[in-house]
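# A structural walkthrough
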Amino acid sequence: MRSELSATSTLFEANRARGTVRFDVHARDGVTRRGTLHESGSLRVRFPSPEDQGLSGVFVNTAGGVAGGDRFDIEIAAADAARLTLTTAAAEKVYRTPGAAAQLNIALKVGAGAHLAWLPQETILFDRARVQRRFDIDLDEAASLLLCEIVVFGRTAMGERMEQGEFVDRWRLRRGGRLVFAETVRLDGDIGAKLGRSAVAKGGAAIGTALIVPGDEVLVERIREASESFSGEVGISAWNGFAMARFCAQDAARLRADMMTVLARTGAALPRLWLN
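What this report covers is the structure whose coordinates are included nearby. (Residues numbered from 1 in each chain as written. Predicted model: local features only at pLDDT ≥ 70, side-chain atom pairs only at ≥ 80, totals over all residues. Heavy atoms only, no water.)

## Some remarks on the sheet that holds strand E2 (residues 31-41)
The seven strands are arranged E2-E1-E5-E8-E11-E13-E14 in an open sheet whose pairing can be described as mixed. Only two strands of the sheet have a single neighbouring strand rather than two, namely E2 and strand E14 (178-189). Recorded for the sheet is a direction-independent mean angle of 5° between the axes of neighbouring strands. Pairing analysis gives eight bridges linking strand E1 (residues 18-28) to strand E5 (residues 71-78), with the strands arranged parallel. When the sheet's bridge partners are listed, Val21 is paired in E5 with Ile74. (Pairing = 2+ DSSP bridges. Helix = DSSP H or I, 4+ residues; strand = E, 2+ residues; numbered from the N terminus. Axes fitted to C-alpha atoms, helices over the stretch in contact; angles between N-to-C directions.)

This is how it looks when you write it as structure tokens:
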């Protein structure tokens, strides 16, 4: 029996998904073009239509989701004056696992005068899912960034909820080579009970973050003017030259609506896939 279990574990490990995307973009005569692109495994990026100035990319995970032990690596560099918007073809689902956590590693580098918008659709965690995500962001002093992430703990519309599992989210932001923001969120064990606490999510099943660089108190006040329209909880503040909005809602639909309201206040153009 023990040898059979060992053989099953070995087979399971050998079938874990791996995916890597690395590419750069550059601006020429005011138009952003793709440079070198490397893809491997089950992760792909597609550039669906040419644009007058900026370039849009859509990530596709052909594995159909993320399972325990999977690993996905993304490295993107936007050269000086380039403009790039990135999203995903659909919400990413992270499935339950009895084994190792999935690993998601994202590295973003943005040059002088360049703008990068990272706007994926939701990440949905199933009960007993385990995932560790890492963002490493390197911005030039004259670069701009809009980075939004929504995490949903179970599909509430289907009566599902994440009760147990692991979610680790590590963000590091450097601007001009100087570390200006560092944060690690860790939820593990009895996640359902923790989300029920007033100081955590007060029973909410969806959380989100919008990181806006540059950001100041003027932007903060502009976003706060829309506070009466929020259906969940939204907090916004600015420091170290950037702004950050935090979101918490009972379900993904409410949080997504709040996120779209905030993004509209920043003047950001939403990807078409967000509007379908």
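## Some points on the pattern of salt bridges
In this structure the tally under the stated criterion is 15 salt bridges. Note that Arg155 is salt-bridged to Glu160, the shortest N-O span being 2.8 Å. Since its relative accessible area comes to 23%, Arg155 is described here as partly exposed. Shared partners join several salt bridges into a network, and the residues in it are Arg133, Glu149 and Asp169. (Salt bridge = Lys/Arg side-chain N within 4 Å of Asp/Glu carboxyl O. Buried < 20%, exposed > 50% of the residue type's maximum accessible area, 1.4 Å probe, protein only.)

## What to know about the environment of Tyr95
Position of Tyr95 among the secondary structure elements: in the loop between strand E7 (92-94) and strand E8 (102-110). Considering only alpha carbons, one finds Tyr95 and Asp127, 32 residues apart in sequence, at a separation of 7.5 Å. When residues no more than four places from it in sequence are discounted, the contact partners of Tyr95 are Gly64, Gly65, Val66, Phe126, Ala129 and Arg130. (Contact = heavy atoms within 4.5 Å.)

Honestly, it's all geometry; don't read function into it.
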